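Descriptive structure summary
The chain contents come next:
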Amino acid sequence: MRMSRYILIGMLLGFVLYKSEAVSWFRIYEMFRFQSFHMFGIIGSAIVSGIMIVQIIKRRKVKNVEGAEIVIKDKAKTFPRYIIGGFIFGCGWAIAGACPAPMFILLGAGHTVFIVYLIAAMTGTFVYGLLRKRLPH
Amino acid sequence: MIEVYFMYVRDFIAQPWPWYVAGPLLALVMFILLYFGHEFGISENFRLMCAADGADNMNEFFKIDWRSGEWNLLVALGAVFGGYLASHYFFGPNGDLAHISDVTVVSLNEIGINVTKGAVPLVPAFLSWESLLTWQGLLMIAGGGFLVGFGARYAGGCTSGHAISGLSALQVPSLIAVVGFFMGGLAITYLVIPYLFNY
(Lines give C-alpha, C1' and ligand atoms only; values in the text may rest on other atoms or scores of the structure.)
Protein backbone atom coordinates (compact mmCIF):
# COMPACT_ATOMS: atom_id res chain seq x y z
CA MET A 1 0.00 0.00 0.00
CA ARG A 2 2.84 2.35 0.90
CA MET A 3 4.07 2.15 -2.68
CA SER A 4 0.72 2.94 -4.32
CA ARG A 5 1.23 6.61 -3.47
CA TYR A 6 3.94 6.76 -6.13
CA ILE A 7 1.54 5.45 -8.74
CA LEU A 8 -0.87 8.26 -7.78
CA ILE A 9 1.91 10.87 -8.04
CA GLY A 10 2.81 9.47 -11.46
CA MET A 11 -0.83 9.68 -12.52
CA LEU A 12 -0.94 13.35 -11.50
CA LEU A 13 2.22 13.94 -13.53
CA GLY A 14 0.63 12.13 -16.48
CA PHE A 15 -2.54 14.21 -16.32
CA VAL A 16 -0.65 17.49 -16.04
CA LEU A 17 1.67 16.88 -18.98
CA TYR A 18 -1.05 15.32 -21.15
CA LYS A 19 -3.73 17.93 -20.57
CA SER A 20 -1.30 20.84 -20.87
CA GLU A 21 -0.17 19.35 -24.23
CA ALA A 22 3.47 19.24 -23.09
CA VAL A 23 3.56 15.68 -24.46
CA SER A 24 2.99 16.99 -27.97
CA TRP A 25 5.80 17.02 -30.55
CA PHE A 26 4.15 20.17 -31.99
CA ARG A 27 4.38 22.01 -28.67
CA ILE A 28 8.10 21.22 -28.40
CA TYR A 29 8.68 22.41 -31.97
CA GLU A 30 6.71 25.58 -31.21
CA MET A 31 8.81 26.16 -28.09
CA PHE A 32 12.12 25.84 -29.93
CA ARG A 33 10.81 28.23 -32.60
CA PHE A 34 9.81 30.72 -29.84
CA GLN A 35 6.35 30.95 -31.40
CA SER A 36 4.31 30.66 -28.22
CA PHE A 37 4.68 31.37 -24.53
CA HIS A 38 2.89 28.16 -23.53
CA MET A 39 5.84 25.81 -22.86
CA PHE A 40 7.96 28.59 -21.39
CA GLY A 41 5.00 29.39 -19.14
CA ILE A 42 4.77 25.78 -17.94
CA ILE A 43 8.50 25.39 -17.27
CA GLY A 44 8.86 28.95 -15.95
CA SER A 45 5.92 28.79 -13.53
CA ALA A 46 7.08 25.33 -12.37
CA ILE A 47 10.51 26.79 -11.58
CA VAL A 48 9.13 29.90 -9.86
CA SER A 49 6.77 27.78 -7.73
CA GLY A 50 9.59 25.30 -7.14
CA ILE A 51 11.99 28.02 -5.96
CA MET A 52 9.35 29.25 -3.48
CA ILE A 53 8.75 25.70 -2.23
CA VAL A 54 12.48 25.00 -1.81
CA GLN A 55 13.05 28.33 -0.02
CA ILE A 56 10.19 27.61 2.41
CA ILE A 57 11.59 24.09 3.00
CA LYS A 58 15.04 25.54 3.77
CA ARG A 59 13.95 28.46 5.97
CA ARG A 60 11.25 26.65 7.93
CA LYS A 61 13.29 23.44 8.06
CA VAL A 62 10.32 21.44 6.77
CA LYS A 63 10.49 17.77 7.72
CA ASN A 64 9.72 14.85 5.47
CA VAL A 65 7.29 12.02 6.16
CA GLU A 66 9.89 10.24 8.31
CA GLY A 67 10.49 13.31 10.46
CA ALA A 68 13.92 14.13 9.05
CA GLU A 69 14.74 17.53 7.59
CA ILE A 70 14.40 17.67 3.81
CA VAL A 71 17.88 18.06 2.31
CA ILE A 72 18.41 18.64 -1.40
CA LYS A 73 21.84 17.38 -2.42
CA ASP A 74 24.04 19.81 -4.34
CA LYS A 75 25.00 18.62 -7.81
CA ALA A 76 28.72 18.11 -8.52
CA LYS A 77 30.20 21.39 -9.75
CA THR A 78 31.76 20.50 -13.08
CA PHE A 79 31.09 21.83 -16.55
CA PRO A 80 31.61 19.40 -19.48
CA ARG A 81 29.06 16.76 -18.52
CA TYR A 82 26.25 19.27 -18.15
CA ILE A 83 26.86 21.17 -21.35
CA ILE A 84 27.73 18.18 -23.58
CA GLY A 85 25.21 15.78 -22.03
CA GLY A 86 22.62 18.55 -22.04
CA PHE A 87 23.28 19.31 -25.70
CA ILE A 88 22.86 15.64 -26.67
CA PHE A 89 19.67 15.40 -24.59
CA GLY A 90 18.33 18.58 -26.21
CA CYS A 91 18.93 17.12 -29.69
CA GLY A 92 16.90 14.05 -28.77
CA TRP A 93 14.19 16.11 -27.08
CA ALA A 94 13.67 18.27 -30.18
CA ILE A 95 13.71 15.49 -32.76
CA ALA A 96 11.53 13.02 -30.85
CA GLY A 97 9.41 15.86 -29.44
CA ALA A 98 9.21 14.12 -26.08
CA CYS A 99 11.40 14.01 -23.00
CA PRO A 100 11.34 10.94 -20.70
CA ALA A 101 8.08 11.57 -18.82
CA PRO A 102 5.93 12.21 -21.94
CA MET A 103 7.22 8.96 -23.40
CA PHE A 104 5.61 6.97 -20.57
CA ILE A 105 2.44 9.06 -20.77
CA LEU A 106 2.03 8.62 -24.55
CA LEU A 107 2.63 4.90 -24.17
CA GLY A 108 -0.31 4.83 -21.77
CA ALA A 109 -2.39 6.96 -24.11
CA GLY A 110 -2.18 4.17 -26.69
CA HIS A 111 0.73 5.38 -28.84
CA THR A 112 2.47 2.05 -28.55
CA VAL A 113 5.26 3.03 -30.95
CA PHE A 114 6.82 4.81 -27.96
CA ILE A 115 7.96 1.38 -26.76
CA VAL A 116 10.62 1.75 -29.48
CA TYR A 117 11.57 5.12 -28.01
CA LEU A 118 11.78 3.49 -24.56
CA ILE A 119 14.07 0.70 -25.80
CA ALA A 120 16.17 3.25 -27.70
CA ALA A 121 16.47 5.41 -24.56
CA MET A 122 17.52 2.39 -22.50
CA THR A 123 20.08 1.56 -25.18
CA GLY A 124 21.37 5.14 -25.04
CA THR A 125 21.69 4.96 -21.27
CA PHE A 126 23.44 1.59 -21.57
CA VAL A 127 25.93 2.88 -24.15
CA TYR A 128 26.62 5.87 -21.91
CA GLY A 129 27.35 3.44 -19.06
CA LEU A 130 29.88 1.62 -21.26
CA LEU A 131 31.60 4.81 -22.44
CA ARG A 132 31.35 6.73 -19.18
CA LYS A 133 35.00 6.43 -18.17
CA ARG A 134 36.23 7.73 -21.51
CA LEU A 135 33.94 10.75 -21.64
CA PRO A 136 34.86 14.15 -20.17
CA HIS A 137 32.84 14.99 -17.10
CA MET B 1 -28.24 15.02 -10.08
CA ILE B 2 -24.94 13.35 -9.19
CA GLU B 3 -24.36 12.36 -12.86
CA VAL B 4 -24.72 15.98 -13.90
CA TYR B 5 -22.13 16.93 -11.31
CA PHE B 6 -19.72 14.23 -12.55
CA MET B 7 -20.18 15.34 -16.14
CA TYR B 8 -19.45 18.89 -15.10
CA VAL B 9 -16.22 17.82 -13.35
CA ARG B 10 -15.24 15.67 -16.34
CA ASP B 11 -15.78 18.51 -18.79
CA PHE B 12 -13.88 20.87 -16.52
CA ILE B 13 -10.85 18.56 -16.40
CA ALA B 14 -11.16 17.70 -20.09
CA GLN B 15 -10.47 21.21 -21.35
CA PRO B 16 -6.87 22.05 -22.24
CA TRP B 17 -4.93 23.00 -19.11
CA PRO B 18 -3.28 26.42 -19.25
CA TRP B 19 0.40 26.83 -18.41
CA TYR B 20 -0.31 28.54 -15.08
CA VAL B 21 -2.14 25.43 -13.90
CA ALA B 22 0.37 22.91 -15.26
CA GLY B 23 3.55 24.63 -14.01
CA PRO B 24 2.62 24.93 -10.32
CA LEU B 25 1.25 21.36 -10.37
CA LEU B 26 4.63 20.12 -11.62
CA ALA B 27 6.24 21.91 -8.68
CA LEU B 28 3.67 20.18 -6.45
CA VAL B 29 4.73 16.78 -7.83
CA MET B 30 8.31 17.72 -6.97
CA PHE B 31 7.30 18.76 -3.44
CA ILE B 32 5.27 15.59 -2.75
CA LEU B 33 8.26 13.48 -3.81
CA LEU B 34 10.61 15.53 -1.58
CA TYR B 35 8.17 15.06 1.29
CA PHE B 36 8.37 11.29 0.77
CA GLY B 37 12.16 11.51 0.73
CA HIS B 38 12.87 11.39 -3.01
CA GLU B 39 14.10 13.68 -5.75
CA PHE B 40 12.01 14.11 -8.91
CA GLY B 41 13.86 12.67 -11.92
CA ILE B 42 12.21 10.51 -14.54
CA SER B 43 15.20 9.61 -16.73
CA GLU B 44 16.85 7.69 -13.86
CA ASN B 45 14.29 5.00 -14.71
CA PHE B 46 16.20 4.11 -17.90
CA ARG B 47 19.21 3.23 -15.75
CA LEU B 48 17.05 1.29 -13.29
CA MET B 49 15.48 -0.66 -16.15
CA CYS B 50 18.91 -1.46 -17.60
CA ALA B 51 20.03 -2.69 -14.17
CA ALA B 52 16.86 -4.75 -13.71
CA ASP B 53 17.36 -6.32 -17.16
CA GLY B 54 20.79 -7.65 -16.28
CA ALA B 55 23.13 -4.78 -17.14
CA ASP B 56 24.24 -4.78 -13.50
CA ASN B 57 26.41 -7.80 -14.26
CA MET B 58 27.99 -6.16 -17.29
CA ASN B 59 29.04 -2.72 -16.15
CA GLU B 60 29.61 -1.09 -12.78
CA PHE B 61 27.51 1.98 -13.70
CA PHE B 62 24.50 -0.33 -13.51
CA LYS B 63 25.56 -2.04 -10.28
CA ILE B 64 22.78 -0.39 -8.34
CA ASP B 65 20.04 -1.95 -6.32
CA TRP B 66 17.22 -1.19 -8.72
CA ARG B 67 14.70 -2.05 -6.01
CA SER B 68 15.81 1.07 -4.14
CA GLY B 69 14.47 2.94 -7.17
CA GLU B 70 11.18 1.08 -7.11
CA TRP B 71 9.37 4.26 -6.10
CA ASN B 72 10.63 5.96 -9.29
CA LEU B 73 9.59 3.07 -11.53
CA LEU B 74 6.14 3.32 -9.93
CA VAL B 75 6.00 7.04 -10.74
CA ALA B 76 6.73 6.11 -14.38
CA LEU B 77 4.06 3.40 -14.24
CA GLY B 78 1.64 5.93 -12.78
CA ALA B 79 2.45 8.26 -15.69
CA VAL B 80 1.43 5.45 -18.07
CA PHE B 81 -1.89 5.09 -16.20
CA GLY B 82 -2.33 8.86 -16.14
CA GLY B 83 -1.82 9.00 -19.90
CA TYR B 84 -4.37 6.23 -20.36
CA LEU B 85 -7.03 7.88 -18.18
CA ALA B 86 -6.48 11.38 -19.55
CA SER B 87 -6.72 10.21 -23.16
CA HIS B 88 -9.63 7.76 -22.70
CA TYR B 89 -11.87 9.57 -20.25
CA PHE B 90 -10.82 13.21 -20.24
CA PHE B 91 -10.26 13.95 -23.93
CA GLY B 92 -11.23 17.38 -25.18
CA PRO B 93 -14.48 18.23 -26.99
CA ASN B 94 -12.81 17.72 -30.40
CA GLY B 95 -10.51 14.91 -29.39
CA ASP B 96 -6.98 15.55 -28.21
CA LEU B 97 -5.53 18.46 -30.12
CA ALA B 98 -2.37 20.51 -29.78
CA HIS B 99 -3.57 24.12 -29.63
CA ILE B 100 -0.43 25.53 -31.18
CA SER B 101 -0.21 29.09 -32.47
CA ASP B 102 -1.19 30.00 -36.04
CA VAL B 103 2.40 31.07 -36.73
CA THR B 104 3.53 27.55 -35.87
CA VAL B 105 0.95 26.00 -38.22
CA VAL B 106 2.27 28.22 -41.04
CA SER B 107 5.90 27.36 -40.30
CA LEU B 108 5.08 23.63 -40.13
CA ASN B 109 3.43 23.77 -43.55
CA GLU B 110 6.48 25.57 -44.93
CA ILE B 111 8.74 22.68 -43.97
CA GLY B 112 6.44 20.04 -45.43
CA ILE B 113 4.55 18.99 -42.31
CA ASN B 114 0.94 19.38 -43.33
CA VAL B 115 -1.36 20.41 -40.51
CA THR B 116 -4.61 22.36 -40.48
CA LYS B 117 -5.26 25.32 -38.24
CA GLY B 118 -7.44 24.27 -35.30
CA ALA B 119 -7.10 20.55 -36.09
CA VAL B 120 -3.50 19.77 -35.14
CA PRO B 121 -3.42 16.35 -33.45
CA LEU B 122 -1.62 15.97 -30.13
CA VAL B 123 0.66 13.29 -31.58
CA PRO B 124 1.81 13.73 -35.20
CA ALA B 125 1.24 11.00 -37.79
CA PHE B 126 4.99 10.66 -38.27
CA LEU B 127 5.31 9.23 -34.76
CA SER B 128 3.64 5.90 -35.53
CA TRP B 129 4.45 2.27 -36.32
CA GLU B 130 3.93 2.90 -40.06
CA SER B 131 6.38 5.79 -40.10
CA LEU B 132 8.94 3.70 -38.22
CA LEU B 133 9.59 2.06 -41.61
CA THR B 134 10.63 5.40 -43.11
CA TRP B 135 14.05 6.86 -42.36
CA GLN B 136 12.46 9.99 -40.92
CA GLY B 137 10.34 8.02 -38.48
CA LEU B 138 13.23 5.80 -37.48
CA LEU B 139 15.49 8.81 -36.93
CA MET B 140 12.89 10.67 -34.87
CA ILE B 141 11.70 7.79 -32.69
CA ALA B 142 14.73 5.50 -32.32
CA GLY B 143 17.40 8.16 -32.91
CA GLY B 144 15.67 10.66 -30.65
CA GLY B 145 15.15 8.06 -27.94
CA PHE B 146 18.81 7.04 -28.05
CA LEU B 147 20.01 10.64 -27.73
CA VAL B 148 17.58 11.32 -24.87
CA GLY B 149 18.72 8.21 -22.98
CA PHE B 150 22.40 8.89 -23.59
CA GLY B 151 22.28 12.64 -22.96
CA ALA B 152 20.08 12.50 -19.87
CA ARG B 153 22.45 10.12 -18.08
CA TYR B 154 25.54 11.99 -19.28
CA ALA B 155 24.11 15.26 -17.99
CA GLY B 156 22.83 13.55 -14.83
CA GLY B 157 19.19 14.44 -15.39
CA CYS B 158 16.46 15.44 -17.80
CA THR B 159 13.74 18.08 -17.86
CA SER B 160 12.36 16.95 -14.48
CA GLY B 161 15.71 16.47 -12.72
CA HIS B 162 17.53 19.54 -14.03
CA ALA B 163 15.02 22.06 -15.41
CA ILE B 164 12.47 21.64 -12.60
CA SER B 165 14.16 20.10 -9.52
CA GLY B 166 17.64 21.49 -10.16
CA LEU B 167 16.67 25.05 -11.06
CA SER B 168 14.15 25.16 -8.19
CA ALA B 169 17.07 24.44 -5.85
CA LEU B 170 19.13 27.13 -7.64
CA GLN B 171 21.74 24.65 -8.81
CA VAL B 172 24.23 26.19 -11.24
CA PRO B 173 25.06 22.77 -12.83
CA SER B 174 21.37 22.41 -13.71
CA LEU B 175 21.40 25.83 -15.35
CA ILE B 176 24.35 24.73 -17.49
CA ALA B 177 22.46 21.54 -18.39
CA VAL B 178 19.32 23.50 -19.35
CA VAL B 179 21.43 25.83 -21.53
CA GLY B 180 22.76 22.63 -23.15
CA PHE B 181 19.19 21.33 -23.63
CA PHE B 182 18.27 24.49 -25.49
CA MET B 183 21.42 24.63 -27.58
CA GLY B 184 20.80 21.05 -28.71
CA GLY B 185 17.09 21.64 -29.26
CA LEU B 186 17.65 24.81 -31.28
CA ALA B 187 20.34 23.14 -33.41
CA ILE B 188 17.98 20.29 -34.33
CA THR B 189 14.93 22.54 -34.80
CA TYR B 190 16.70 24.96 -37.15
CA LEU B 191 19.29 22.73 -38.85
CA VAL B 192 17.67 19.31 -39.12
CA ILE B 193 13.86 19.32 -38.83
CA PRO B 194 13.30 21.73 -41.78
CA TYR B 195 15.03 19.24 -44.10
CA LEU B 196 13.34 16.05 -42.90
CA PHE B 197 10.19 16.28 -45.01
CA ASN B 198 11.19 18.98 -47.50
CA TYR B 199 14.16 17.97 -49.53
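Bear in mind that the values here come from a model prediction, so they are computed numbers and not experimental data.

Some thoughts on the overall build of chain A
A count of helices and strands for chain A gives 6 helices and 0 strands. Its helices and strands in sequence order give chain A the pattern α-α-α-α-α-α, from N to C terminus. Seen through its principal axes, chain A has C-alpha atoms that stretch 45 × 40 × 40 Å. With 137 residues in all, chain A has 59% of them scored as buried. A separation of at least 24 residues holds for 42% of the contacts in chain A among residues at least 6 apart in sequence. Side-chain charges of chain A comprise 17 positive and 5 negative groups, with the mean position of each set lying 7 Å from the other.

Things to note about the overall build of chain B
Tallying secondary structure elements over chain B gives 8 helices and 0 strands in all. Secondary structure elements of chain B occur, N-terminal to C-terminal, as α-α-α-α-α-α-α-α. If one aligns the C-alpha atoms of chain B with their principal axes, the spans along those axes are about 60 × 50 × 35 Å. Within chain B, the proportion of its 199 residues that are buried is 53%. Carbon and sulfur atoms make up 69% of the accessible area of chain B, which totals about 9200 Å². Here chain B contributes 6 positively and 13 negatively charged side chains, and the mean placements of these two sets differ by 5 Å.

Comments concerning the side chain of B:Ser168
Checked against the element boundaries, B:Ser168 lands in helix H7 (residues 159–168). Judged by its relative accessible area of 0%, B:Ser168 falls in the buried class. Excluding its chain neighbours within four sequence positions, the residues that come into contact with B:Ser168 are A:Ala46, A:Ile47, A:Gly50, A:Ile51, A:Val54 and B:Met30.

What about the nonpolar core?
The biggest cluster of nonpolar side chains holds 110 residues, and the ones touching the most others in it are A:Trp25, A:Phe26, A:Trp93, A:Phe104 and A:Phe114. No other element matches the 9 residues that helix H4 (residues 80–96) of chain A contributes to this core. With sequence-adjacent residues up to four places away left out, A:Phe26 is seen in contact with B:Ala98, B:Ile100, B:Leu108, B:Ile113, B:Val115, B:Val120, B:Pro121, B:Leu122 and B:Pro124.

Section: the interface of chain A and chain B
The interface of chain A with chain B comprises 108 residues on the first partner and 132 residues on the second. Between chain A and chain B, the buried area comes to about 10600 Å², and carbon and sulfur atoms account for 78% of it. Linking chain A with chain B are 3 salt bridges. Across the chain A-chain B interface, the total number found is 28 residue pairs in polar contact (both at pLDDT 80 or more). Secondary structure elements with two or more residues in the side of chain A that touches chain B: helix H1 (4–19), helix H2 (25–32), helix H3 (38–60), H4, helix H5 (100–108) and helix H6 (114–131) of chain A. Among the elements that line the side of chain A that touches chain B, the one with the most residues is H6(A), at 17 residues. In terms of residue class, the side of chain A that touches chain B is built from 69 nonpolar, 25 polar and 14 charged.

Remarks on the packing of aromatic side chains
Residues and elements named next belong to chain A. Taken as a whole and assessed by the stated rule, the structure comprises 32 aromatic pairs over all chains. Aromatic side chains tryptophan 25 and tyrosine 29 sit 5.6 Å apart centroid to centroid with 10° between the ring planes, which places their arrangement in the stacked category. Of this pair, tryptophan 25 and tyrosine 29 both sit in helix H2, separated by 4 residues, roughly a single helical turn. Assigned by exposure class, tryptophan 25 and tyrosine 29 land together as buried. Both rings, one in phenylalanine 114 and one in tyrosine 117, keep their centres 5.9 Å apart while their planes meet at 45°; by these two values the pair is tilted. With phenylalanine 114 and tyrosine 117 both in helix H6, this residue pair falls 3 residues apart, about one helical turn. Residue classification places tyrosine 117 among the buried residues on the basis of a relative accessible area of 0%.

Things to note about the confidence of the model for chain B
Residues at a pLDDT of 70 or more form 99% of chain B, whose mean pLDDT is 94. Predicted as a complex, the structure gets a pTM of 0.95 and an ipTM equal to 0.96.

A look at the pattern of salt bridges
Where charged atoms from two side chains of opposite charge come close, those side chains can pair. In total, this model carries 9 salt bridges over all chains according to the counting rule given. As a salt-bridge pair, B:Arg10 and B:Asp11 come within 3.3 Å of each other at their nearest N and O atoms. Given a relative accessible area of 41%, B:Asp11 falls into the partly exposed group. Between B:Asp102 and B:Lys117 there is a salt bridge; the shortest N-O distance is 3.6 Å. Taken together, the residues span a long stretch of sequence, with B:Asp102 in helix H5 (residues 102–110) and B:Lys117 in the loop between H5 and helix H6 (135–155) at a distance of 15 residues. Salt bridges here are not isolated pairs; linked through shared partners, they connect A:Glu21, A:Arg27 and A:Glu30.

Cut-off values and rules
- Residues numbered from 1 in each chain as written.
- Chains lettered and ligands numbered in written order.
- Predicted model: local features only at pLDDT ≥ 70, side-chain atom pairs only at ≥ 80, totals over all residues.
- Heavy atoms only, no water.
- Helix = DSSP H or I, 4+ residues; strand = E, 2+ residues; numbered from the N terminus.
- Buried < 20%, exposed > 50% of the residue type's maximum accessible area, 1.4 Å probe, protein only.
- Contact = heavy atoms within 4.5 Å.
- Lys, Arg positive; Asp, Glu negative; His and termini not counted.
- Charge placed at Lys NZ, Arg CZ, Asp CG, Glu CD.
- Areas by Shrake-Rupley, 256 points an atom, 1.4 Å probe, with all protein chains shown as cover.
- Core = buried A, V, L, I, M, F, W, Y, C linked by side-chain atoms within 4.5 Å.
- Buried area = accessible area lost by both parts, 1.4 Å probe.
- Salt bridge = Lys/Arg side-chain N within 4 Å of Asp/Glu carboxyl O.
- Polar contact = N/O pair within 3.5 Å; in protein donor to acceptor, adjacent residues only side chain to side chain.
- Nonpolar A, V, L, I, M, F, W, Y, C, P; charged D, E, K, R; others polar.
- Phe/Tyr/Trp six-rings, centres within 6.5 Å; stacked < 30°, edge-to-face > 60°.
- pLDDT = per-residue confidence, 0-100.

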